[in-house]
Each structure stands twice: as structure tokens, then as C-alpha cells.
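# An overview of the molecular structure
Listed here are the chains, written in short residue letters.
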Amino acid sequence: MFPGGGGPTGTVRRRSGSISSEVPAMLRDRLDGLLAEEPEHPEPNETFSRSAYDRSPLTLRRFLAPFKWVLIGCVGLVIVETVAMRIGPLLTQLAIDEGMGLKDLGSGQVSGSRSTLVAIFLAYLGFIVVAVLVSRWRTLWTGIVGERLLYTLRVRVFSHLQRLSQDFFSRQKKGTLISRMTNDIEHLQGLLHDGLAQLLVQGLTLVVLGAQLFWFSAQLALISFLVVVPAMAVLTWWFRGVSARGYLAVRDRMAEVLTHLSESLSGSRVVAAHNRQQRNVADHDDVTRRYREANFYTARIAAIYGPGSEVVGRLTVVVVLLLGGWMVLRGDMNVGELAGFLLAITTFFAPMQQMAQLYNAYQQGQAGITKLRQLLATEVSVVEEPHAYPLPDINGQVTLDRVTFGYDPDKPVLQDVSLEIPPGETIALVGPTGAGKSTIAKLVTRAYDPTSGRVLLDGHDLRDVRFDSLHKRMAVVPQEPFLFSMSLRDNIAFARPGADDVEVERTARAVGLGDFLDRSPEGIHTVVHERGASLSAGERQLVALARALFAEPRVLVLDEATSSLDLRTERQVERALEVVRAYRTAIIIAHRLSTAKRADRVAIVDDGRIIEIGTHDELVARGGRYAEMYATWDG
Ligand code: ADP
């Protein structure tokens, strides 16, 4: 498809017209043919909701339910396919006994018939054609159903990840989550694409072949089963058990490798700064080696099972040849029946082996489902109440009303904190590390809910209002601003992607990105590398501030960057901050007292409480903790 294509058919046609006028006539037809075959990609109609979503536990059965009729159709096709595919031994027997007339060898009569032979040949051919056609349709159908299911699942898991609260992400490793989305879904893919259908095909093959064996000679079939079945059963049972454990280990090790990889990549700057490369390589060597060991193990057991079952199979054929030969000599069996029997029994083992392996795939798929089910069952801890209403226009008054909170409810981090921030005020939170400043900020943006007490915005309890309306009125600038790998424009217009470029550029210049834009040939369309690695720390801050400004929030929550900016950049960022916080309520976690000094009021947070609050001058005059800190800093 052409870049950006994928609109409704009309768009595609129009595009084809405009392109066709520029291409030679010879290519035009081929191009039109190609476009006619291009699949349409309608706009995804996935709606995202934080409260109303499918909470039913994920089970294979419920998952397959919407495709019940297609699947039943597939089962029908599988039956036809298997019978047509495995009818060979019976036809061979008929060809020998009836066609060649070797039925009554004992009595010395040979009464063949050419027309019977030709009829059997034609029937055989017919079955092959049917088997191939049906197999094609069945594979196509199961493939399509499988892909549709996987698509649904991927979107569902991703939506859930978007919905989950911050506490989840602070507990979970990113690599493990990525492994859920890649490995676990991939295992399911194997299963859904062909695995389940193959399990059925092979199971039915066993039935069809088994029935023919009994048809040819019940006695011989019973004897072979007495030899083969116990030996194969023991072998297969053993293999199934150890390989299930083996594959589980493989998957866990893979998740470890991914976790290590993603952490090393995300933290590449820290790694470089602390010379951890060598140690990191050693660590990666370690996890990769364990992954390799796990794979070795599965390879070893497969190397026992494969040849093992092969030997059982060959031995059975030899035994059947001996016993069957005797039976033919005694006149208990026809030559054709023995030939058919031998054909059937040699093909009898492959489906058994396949079933054992497919059973593993099935188990892996089940394990994948289990893990995804756990993930999907993770409750969103900060929920939108069903009665939540959209926040009306607000002035931006923030109130903490006797708030107590702990990440672990038994260990409160904030204790009985009350704070009133009038609209338009800038308040600086100051205090030692771990005092609870960021926690206050997280509660104000409702990343978490207080254990007791209330957080209010213009008198509205945050728990009563809709998330989207709340987040429209608030902007957060984290200490390490996160930039996405897209253009500067898209990074700034993050809250309102549809805004026009002029407005974005004006915002960028307002925070002081003018010099940068003038220097870059592509201006606001300059693409930022992942996490903004191509920008300086100061520029990243400015982009983050521009993003906050562009969202036009009433309340701004800002964690001041501690990274040492040079004096000039620091001034620039400070000026940008003045622009952004003007006329808004701003809560700034201040790491520099120069910032605190410029705020309207300063709150000193210590050990989960606000111990002092007032203007800079008041606090200095009071001679308390702030005055002490200020004296040290000023000195
Ligand atoms: P500050 O911003 O003042 O440095 P924080 O509000 O970040 O302090 O942290 C307050 C306390 O809460 C600290 O003891 C910290 O270890 C703990 N804490 C912070 N975030 C989490 C979290 N996601 N899970 C558990 N404990 C946390």
C-alpha cells in the first residue's frame, strides 16, 4: 500500500488515478490490478474505556466462541480431509485382492480384473484431489480465524496496559511485559494458526488408520496394539512431561533475556557513565547461556523421543511382517490385507509423534493464555467510578483534605496532610529526599488515590470526576522529561494532536525554543530520537514545558530537573517556567532554593508531613527549618 494509504476505497481509487497519470501505460494495468487486490484497512473502531471493558476471564473456549460456526465448519473439513488423505491402505488392499485377484491365493485361483483396477485408480486419484482442495480451504480458514483472534487479543492486552495504574508499572518489569506481548502471544499464534486443527487432523488420522487395521485383521491389530501402544504410551508420556517443563523453562529464560536487554538499552547512558559495559556483557552472557541450556535440554529430550519412537515403529513393522506372513500362509489373511496393514501401520506412528508434540504446543498455548489471563485480570487500582461526571470549567483550586497515603497501606508515606492552594498560586514543595514531595504530586494528578482523606479540585473530589476531563485540566512535567521518537511538533502537540502547526510553533518559541528552531533546517518537524537523545538536557526540558503549556492546563505539576544545567540554560528553563505557570496553579517540587524563592509560597515537607508553610520572606523571618536551609544555601 502507498504510504499513508488505507483510507476508504474512494481514497485508494483517487490515488490510483493520480499515480496512473504519471506511469507508463504498460504498468498502469498492472498497477490497477494490484490496487484492486489490495486489502482495505478501515479505520480501527477500537474504543478505549477505563471503566467499561471486557472483564471476563480469558479462556480458550470463550476466546474461540465468536468463531463457533467457522470452527465447526473447519472440523467438518478436517474430517473429509483426513478420510480422503488416509484411505490409501484400504484402496491398496482392494487393488491387490480384487483388482489383481490375489484374494484366493490359497485355492490357487487368480481372477484379476483390469476394469476394477482402473476404477480403484480413479477413485484413489479422486480422493487425492478432494484431500488437497479441502486441505487448502481448511488451512486458509484456520489461518484467517487464528489471525483475527490474535489481533483481538493483542489490542485487548495493549488496551489493558494503557488502562493500568502507575502502581502496576512500578512493580512490573518492562521486559516481562514485552515478553507477554511477543512470546506468549506467539505461542498462541502457533496454536491457533494450525496447532489446534493439526491436533484434530492427527487424532482423526489415528482413528481412520486404526479402523482400517482392525478391518484388515482384528487379530493382528490387537497383537500390534499390545506391543506398540504400551511402549509408545510410556515413551510419549515421559516426553510430554519433561518437554512441558523444558518449554516452560525456555520461556522463562527468554523473558529474562528480554528484561536484561530492555533494561540495558533503556539505561544505556547510565551503563556508559559507570563503565558497566563489561559487567553487562557478562550478565547478558549469563542469562543467554541459561536460555541456551534450557534449549539444549529440550533438544536432548527430543533427540531421545524421536529416534525412540522410530525404533518402536520399525520393530512393529518387522513383527507384523513375520506374523502376517504366517497368517497369509495359513490362509487367515489375504496378501492385499497384509499389504494394506503394513502401509497403515507404517503411517500410524507419525501422527502419534505429532500428537505428542502438538500436545506440547497446546500446553504452551495454554501457559501463554494463563499468563495473559493473569495480566488481563490485573485490576486497575485507580478506577473511574460509574457515576463519575465530567469536570466543569475550573479555576484551579487544589485542596488536600487530611490526606493519608502509603504505597503499602500499612506503611503510610504521607500522614494527615492538609493543604490549600488557591487558583493561580505557585507553591514550591521543598524537603529532603524521600520526604513525600513526589507522592503529593502523584496524588494531585490522581496517579494514586489517598488511603484516607480527599484530594479536591475546585471542590470536586478527584474520585468523582472523569479521567479524561481531569487530565485535560492538568499537565505534568516529570523530572526526566520523556520525549517520544516523533517530530518536535508531535511531541509538543501531544495533548491535542490535531492542532495546527502555527500554534505549535508559537508555543515552542514562547518557551524559548526559537533559537533551536532557527538552527534546525526542518524546524518543528525535526524528528526527535528515542527519549530525546538527540537534544540537550535543557532543550528536552523546554520541549516538556512547551508540551505542558500547549495542553493549556489549569493546574501544572512540575518536578524540577536536578540535572545540572549550565547557568545560561538554567535561566532559559526558568524563564520558560515563568511563561508556563503564569495564571495557572502550579505545584513545583523544587530542588533549588532559587526556584522556591520565586514561588508564591513554600511548603516544607518532612517525613510525610508539611512542617512549615508560608511565603519565602515569612519563613525566613520565622527562623525555622526553611530559614536554616536558606541560610546554608545563601552562604
Ligand atoms: P520525595 O519526592 O520527597 O523525594 P517520594 O514522594 O518520592 O519522596 O517518596 C516518599 C517515600 O515513598 C519514600 O520512602 C519512597 O521510598 C517511597 N516510594 C516512592 N515511590 C514508591 C513506589 N512506587 N512504591 C513504593 N514506595 C515508594
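Scroll up for the structure.
Our subject in this report is the structure included herewith. (Residues numbered from 1 in each chain as written. Predicted model: local features only at pLDDT ≥ 70, side-chain atom pairs only at ≥ 80, totals over all residues. Heavy atoms only, no water.)

This next bit is on the site of the ligand. Of all residues adjacent to the ligand, which total 13 residues, the nearest are Gly434, Gly436, Lys437, Ser438 and Thr439. One nitrogen or oxygen atom from the main chain of Gly434 is found 2.7 Å from an oxygen atom belonging to the ligand. Contact distances for the ligand include 2.5 Å between an oxygen atom and a side-chain N or O atom of Ser438. For the ligand, whose unbound accessible area comes to 560 Å², protein coverage reaches 61%. At 4 residues, the largest contribution of residues to the shell around the ligand is made by helix H14 (residues 437-444). Considering only residue class, the shell around the ligand consists of 5 nonpolar, 6 polar and 2 charged. (Near = heavy atom within 4 Å. Polar contact = N/O pair within 3.5 Å; in protein donor to acceptor, adjacent residues only side chain to side chain. Areas by Shrake-Rupley, 256 points an atom, 1.4 Å probe, with all protein chains shown as cover. Helix = DSSP H or I, 4+ residues; strand = E, 2+ residues; numbered from the N terminus. Nonpolar A, V, L, I, M, F, W, Y, C, P; charged D, E, K, R; others polar.)

What follows deals with the packing of helix H8 (residues 174-216) against helix H13 (residues 349-377). The N-to-C vectors of H8 and H13 enclose an angle of 145°; their axes lie 7 Å apart at closest approach. Like other packed secondary-structure pairs, H8 and H13 cross with a definite hand, here left-handed. Taken together, the residues of the contact of H8 with H13 break down into 17 nonpolar, 10 polar and 3 charged. (Axes fitted to C-alpha atoms, helices over the stretch in contact; angles between N-to-C directions. Left-handed = near helix turned anticlockwise from the far one by under 90°.)

Let us now look at helix H5 (residues 88-99). When you tally the buried positions in H5, you get 9 out of 12 residues, the bulk of the element. Those residues of H5 lying buried are Gly88, Pro89, Leu91, Thr92, Gln93, Ala95, Ile96, Asp97 and Gly99. Residues of H5 that are buried in the fold lie against helix H6 (114-163), H8 and helix H12 (335-346). Following H5 by one or two positions, Gly101 adopts a phi angle in the positive range, close to 70°. (Buried < 20%, exposed > 50% of the residue type's maximum accessible area, 1.4 Å probe, protein only. Contact = heavy atoms within 4.5 Å.)

As a further point, take the pattern of salt bridges. Scanning the model with the defined rule gives 33 salt bridges in all. A salt bridge links Arg496 to Glu503; the shortest N-O distance between them is 3.1 Å. The closest approach of N and O atoms between Glu539 and Arg519, which form a salt bridge, is 3.8 Å. One end of the pair, Glu539, is in helix H19 (residues 537-550); the other, Arg519, is in helix H18 (residues 514-519), and 20 residues separate them in sequence. On the basis of relative accessibility, which here comes to 60%, the residue Arg519 falls in the exposed class. (Salt bridge = Lys/Arg side-chain N within 4 Å of Asp/Glu carboxyl O.)

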